[in-house]
Amino acid sequence: MPTTQDHKPRLLIRPLQQSDFGAVAALSARVYGKGYSQDMVRGQLGNFPEGQFVAEYDSKIVGHCATFRIDEATSMAPHTWREISAGGYAARHDPLGDWLYGMEVCVDPEYRGLRIGRRLYDQRKKLCQSLELKGIVFVGRLPGLKRKLRQHGSVEAYVEAVESARVRDATLSFQLRNGFVAHGVIPDYLPSDAESMGYGVRLMWRNPKRAENPVVRLHQKRGNLPDSVRVATVQYQQRRIADFAAFAQQVEYFVDIAADYRSDFVVFPELFTLQLLSVANEPLSPADSLRTLTQYTEQLRDLLKRLAVQYNINIIGGSHPTYVEDGDIHNVCYVALRDGSLHTQEKLHPTPNERHWWKITGGEQAAAILTDCGPIGVMICYDSEFPELARHLVDQGALMLFVPFCTDVRQGYLRVRYCCQARAVENQCYVVTSGNVGNLPGVTNFDIQYAQSGIFTPVDFPFPPDGIAAICTENTEQVAFADLRLDALVEFRANGTVLNLKDRRHDLYQTTWAVVDHKN
């Protein structure tokens, strides 16, 4: 089975286009009953083109986000939706306004399980940061107000109860979880909103980049990088399962956890799919075991793509044995991004045991993968013990390296760990490892596992003194999280105590990679 690249996104957040006017009008009609006319949508695009977005799923418009710039005094004064939005046309747009006003976010009810609203809010934040505005302001609905007003006595008391999490409001609670802060109640904001009794609550999000070091801001602007990325590494317990559905349930459980903690990435271990050999529960030779696993390749690819989109998270899918075009079996990591695209990275250096027992052969190229959190690289276990590979990925722009691994005893684990920490120091990058624990009796050459998954940093003042951002307990199933500051990493590469990347002696040595002709 060939390891084809499948890079076409299923879910896109993209700028509004003229050809979308009819679809957006139809979407708003489905959501509100009577929504925006095509002329209104045309006005939004004409007044502030860069502030209008749509969510497209399998070529269908399923979400709409409209914004415009406004001055602070106007946005903070009492107003109605009709006044501030000029009747939905965004004609109040001020090109010099220092706040981004959010006049609309709507999502097709049939697609509300894909976190599209969160993606649209995140896109607003990116726009606000790219324009270097003070922040985002809008007035949100209170759909639970009418039912609960008598219980709380006043609109202000209801809002306070939602803020303190004593009460859940379907809209306000979501917006508070997305980092917005309530700043007062506005009466008669949208009189037609019966559930909110016409009231709205002013919500604000302040742009954190306004206070950043100017050198860091310059680098971020050039590279379009987020300030911080949250990663989750899964220390995965191997246990017997009955079928692929049970495996998928276990994988989805960890993806769901990572997504609930708003992680940008979740990482699984090398060969975590060996768990599927317990389905047949038959004694197989090591080589036959790997051939049996390859039958699950398409199911695994589909599972990872679905979960990445559904949970709005980038998944480093451990690794899985896969047939390639020449009939060999390669150890392949499938990377599913939250836009629905799928990328692959083959293990380049099979271990002696993998070559002898499992008949695995190595891949031939290492390419950085472009994500919405910057370029990343993947090194599968033994690959991390070869410095040339990490340097090659970092030379392509990678700021984070992900290392799915599978080791049986502590010595093997420590080889991987020490090498990963060395890669973090010498390349001034972050390295995230993920390993298996537990055992699968009856699965040949997969008898025992030893792991202590971790998230490693360079060793200098902006980072933990020991270069460890997070680490799991040995041989215990768990998830470790860490927030990795990309802005600190960029500044550290320019002004660190040591400058490993800058101080290389290119006049004395260099590594040259062979050019391999690939059809895919």
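Refer to the structure above for everything that follows.
All values reported here derive from a predicted model rather than from experimental measurement.

1. Topic: the overall build of the protein chain
For step 1, the next point in the chain: Per the secondary structure count, the protein chain includes 17 helices and 19 strands.
For step 2, the next point in the chain: Here the protein chain has a C-alpha radius of gyration of 25 Å; the compact-globule value for 520 residues is 24 Å, and the two agree.
For step 3, the next point in the chain: Considered along the principal axes of its C-alpha atoms, the protein chain spans approximately 75 × 55 × 45 Å.
For step 4, the next point in the chain: Split into buried and exposed, the 520 residues of the protein chain put 55% on the buried side.
For step 5, the next point in the chain: Total accessible area on the protein chain is roughly 22400 Å²; 50% of this is exposed by carbon and sulfur atoms.
For step 6, the next point in the chain: Seen as two clouds, the 56 positive and the 60 negative side-chain charges of the protein chain have centres 5 Å apart.

2. Focus: unusual backbone geometry
For step 1, the next point in the chain: Of note, the phi angle at Arg-115 is positive, near 55°, even though the residue is not glycine.
For step 2, the next point in the chain: A positive phi angle is found at Met-197, which is not glycine, with a value near 55°.
For step 3, the next point in the chain: On the accessibility criterion, Met-197 (38% relative accessible area) is partly exposed.

3. A look at helix α15 (residues 387-395)
For step 1, the next point in the chain: Along α15, the positions that sit buried rather than exposed are Leu-389, Ala-390, Arg-391, Leu-393 and Val-394.
For step 2, the next point in the chain: Phi turns positive one or two residues past the end of α15, at Gly-397, with a value near 110°.

4. Topic: the environment of Gly-22
For step 1, the next point in the chain: If you trace the backbone, Gly-22 turns up in helix α1 (residues 21-32).
For step 2, the next point in the chain: Sequence separation between Gly-22 and Tyr-36 is 14 residues; the distance between their C-alpha atoms is 9.8 Å.

5. Focus on the packing of aromatic side chains
For step 1, the next point in the chain: Counting across every chain of the model gives 22 aromatic pairs.
For step 2, the next point in the chain: An angle of 35° between the planes, with centres 5.1 Å apart, marks the rings of Phe-265 and Phe-402 as tilted. Of the two residues, Phe-265 is situated in strand β9 (residues 265-267) and Phe-402 in strand β15 (residues 400-405); the sequence distance between them amounts to 137 residues. We note that Phe-265, like Phe-402, is buried.
For step 3, the next point in the chain: For the pair Phe-268 and Phe-272, a centre-to-centre distance of 5.3 Å together with 20° between the ring planes defines the contact as stacked.
For step 4, the next point in the chain: On the accessibility criterion, Phe-272 (0% relative accessible area) is buried.
For step 5, the next point in the chain: Joined through ring pairs, the aromatic side chains of Tyr-236, Phe-244, Phe-247, Tyr-253, Phe-254, Phe-268, Phe-272 and Tyr-296 make up one cluster.
For step 6, the next point in the chain: Residue placement shows Arg-124 over the ring face of Phe-138; its charged tip is 5.7 Å from the ring centre.

6. Section: the packing of helix α10 (residues 244-260) against helix α13 (residues 297-310)
For step 1, the next point in the chain: Packing of α10 against α13 leaves a shortest axis separation of 11 Å and a crossing angle of 30°. By the angle between their directions, the pair α10 and α13 is classed as roughly parallel. Note on packing geometry: the crossing formed by α10 with α13 is right-handed. Residue-level contacts link Phe-244, Phe-247, Ala-248, Val-251, Glu-252 and Val-255 of α10 to Gln-299, Leu-300, Leu-303, Arg-306, Leu-307 and Gln-310 of α13.
For step 2, the next point in the chain: When its residues are assigned to classes, the contact of α10 with α13 shows eight nonpolar, two polar and two charged.

7. Observations concerning the environment of Asn-47
For step 1, the next point in the chain: Within the secondary structure, Asn-47 is located in helix α2 (residues 38-47).
For step 2, the next point in the chain: The partly exposed category is assigned to Asn-47, whose relative accessible area is 31%.
For step 3, the next point in the chain: Beyond its immediate chain neighbours, meaning those up to four positions away, Asn-47 contacts Tyr-89, Ala-90, Ala-91 and His-93.
For step 4, the next point in the chain: In this structure the side chain of Asn-47 is engaged in a polar contact, spanning 2.9 Å, whose partner is the backbone oxygen of Tyr-89.

So, how was this worked out
- Residues numbered from 1 in each chain as written.
- Predicted model: local features only at pLDDT ≥ 70, side-chain atom pairs only at ≥ 80, totals over all residues.
- Heavy atoms only, no water.
- Helix = DSSP H or I, 4+ residues; strand = E, 2+ residues; numbered from the N terminus.
- Rg over C-alpha atoms; globule rule 2.2 N^0.38 Å.
- Buried < 20%, exposed > 50% of the residue type's maximum accessible area, 1.4 Å probe, protein only.
- Areas by Shrake-Rupley, 256 points an atom, 1.4 Å probe, with all protein chains shown as cover.
- Lys, Arg positive; Asp, Glu negative; His and termini not counted.
- Charge placed at Lys NZ, Arg CZ, Asp CG, Glu CD.
- Phe/Tyr/Trp six-rings, centres within 6.5 Å; stacked < 30°, edge-to-face > 60°.
- Lys NZ or Arg CZ within 6 Å of the ring centre and 35° of its normal.
- Axes fitted to C-alpha atoms, helices over the stretch in contact; angles between N-to-C directions.
- Parallel < 35°, antiparallel > 145°, perpendicular 65-115°, else oblique.
- Left-handed = near helix turned anticlockwise from the far one by under 90°.
- Contact = heavy atoms within 4.5 Å.
- Nonpolar A, V, L, I, M, F, W, Y, C, P; charged D, E, K, R; others polar.
- Polar contact = N/O pair within 3.5 Å; in protein donor to acceptor, adjacent residues only side chain to side chain.

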